[in-house]
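One letter stands for each residue in the lines below.
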Amino acid sequence: MKKLEVSAIEEGTVIDQIANKSTFKVANILNIQKIEQVVLIGFNLSSKKLGKKGIIKIGGKLLTQEEVNKISLIAPDATVNIIKGSEVVKKFTVDIPDSIEEFMKCFNPNCVSNHQKILSRFHVINKNPIRIRCHYCERHMCVDDIELV
Ligand SMILES: [Zn+2]
């Protein structure tokens, strides 16, 4: 079964255990429309851990740390499998960073970070369930408030 799941790509990355509803958000983070190699997206797949899950397989791509950090915010159970020669050569679970800069937008429309040319900045105060505090306005955000940029 394990073999079957990864057999579709010879080199690249498989992101597994994606929270089902976040599958297409993860696809957007990875800008899959611009990838020229094979991309396979599955969702509504059964998962012992999540009930239903999504999975994305991308030929020829390795994730950047920023992409992994973004994925961790919307799919905290996701696992990343690096595939070489059709084998899994490395596997890890995404890890929510302690602080987030730049790639997230503050939920508060009045926040200074949405009005001035400064980088947004957040502190992760709880990882499960996720709670994030804006460095500037101190507004607290949960998973549904997260807007990645
Ligand atoms: Zn703010």
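Fair warning: this is a prediction, and the values are worked out from it, not measured in the lab. (Residues numbered from 1 in each chain as written. Predicted model: local features only at pLDDT ≥ 70, side-chain atom pairs only at ≥ 80, totals over all residues. Heavy atoms only, no water.)

K.L.:
Is there a simple way to explain the coordination of the zinc ion in this structure?
P.N.:
By definition of the ideal shapes, four donors in a tetrahedron about a metal sit 109.5 degrees apart, and six donors in an octahedron sit 90 or 180 degrees apart. For the zinc ion, the protein coordination sphere consists of Cys-106 (SG), Cys-111 (SG), Cys-134 (SG) and Cys-137 (SG), at 2.3 to 2.4 Å. Note that the zinc ion binds 4 donor atoms; their angles at the metal cover 103 to 112°, and the shape is tetrahedral. Mapping the donors of the zinc ion onto the primary sequence yields the spacing C-x4-C-x22-C-x2-C. The buried category is assigned to Cys-134, whose relative accessible area is 0%. (Donors = N, O, S within 2.8 Å, 3.2 Å for Na, K, Ca; no water. Tetrahedral: all angles 85-135°; square planar, octahedral: opposite > 155°, others 65-115°. Buried < 20%, exposed > 50% of the residue type's maximum accessible area, 1.4 Å probe, protein only.)

K.L.:
Can you walk me through the pattern of salt bridges in this structure?
P.N.:
Counted under the stated rule, the structure contains 6 salt bridges. With a shortest N-O distance of 2.9 Å, Lys-53 and Asp-16 are connected by a salt bridge. Here the residue Lys-53 occupies a position in strand β3 (residues 51–59), and Asp-16 occupies one in strand β1 (residues 12–19), the gap between them amounting to 37 residues. Grouping residues by exposure puts Lys-53 and Asp-16 together as buried. One salt bridge in this structure joins Lys-21 and Asp-144, with 3.8 Å as the shortest N-O distance. Taken together, the residues span a long stretch of sequence, with Lys-21 in the loop between β1 and α2 (23–29) and Asp-144 in the loop between β10 (140–142) and β11 (147–148) at a distance of 123 residues. In this pair, the class of Lys-21 matches that of Asp-144, namely exposed. (Salt bridge = Lys/Arg side-chain N within 4 Å of Asp/Glu carboxyl O. Helix = DSSP H or I, 4+ residues; strand = E, 2+ residues; numbered from the N terminus.)

K.L.:
Would you mind going over the side chain of Ser-47 with me for this structure?
P.N.:
With respect to the helices, strands and loops of the structure, Ser-47 is situated in strand β2 (residues 39–47). Among the residues examined, Ser-47 registers a relative accessible area of 9% and is labelled buried. Within the local environment of Ser-47, its side chain forms a polar contact with the backbone nitrogen of Leu-50, the two atoms lying 3.0 Å apart. In contact with Ser-47, other than residues within four places in its own chain, are Gln-17, Lys-52 and Lys-53. (Polar contact = N/O pair within 3.5 Å; in protein donor to acceptor, adjacent residues only side chain to side chain. Contact = heavy atoms within 4.5 Å.)

K.L.:
When you look at the sheet that holds strand β6 (residues 99–101) in this model, what are you seeing that I'm missing?
P.N.:
Paired through backbone hydrogen bonds, the strands of a sheet run either parallel or antiparallel to each other. A sheet is described by the order of its strands in space; here 4 strands give the open sequence β6-β8-β9-β10, paired in antiparallel fashion. Lying at the two open borders of the sheet, with one neighbouring strand each, are β6 and β10. When the angles between neighbouring strand axes are averaged without regard to direction, this sheet yields 30°. Of the pairings in the sheet, the one linking strand β8 (residues 121–127) to strand β9 (residues 130–134) comprises 5 bridges and is antiparallel in character. Counted as the bridge partner of Val-124 is Ile-132 from β9. (Pairing = 2+ DSSP bridges. Axes fitted to C-alpha atoms, helices over the stretch in contact; angles between N-to-C directions.)

K.L.:
Sorry if this is basic, but what is going on with the sheet that holds strand β4 (residues 79–84) here?
P.N.:
Spatial ordering of the open sheet is given by β2-β3-β1-β4-β5, a layout of 5 strands whose pairing is antiparallel. Single-partner strands in this sheet number two, and they are β2 and β5 (87–93). Here the average twist between neighbouring strands, direction ignored, is 20°.

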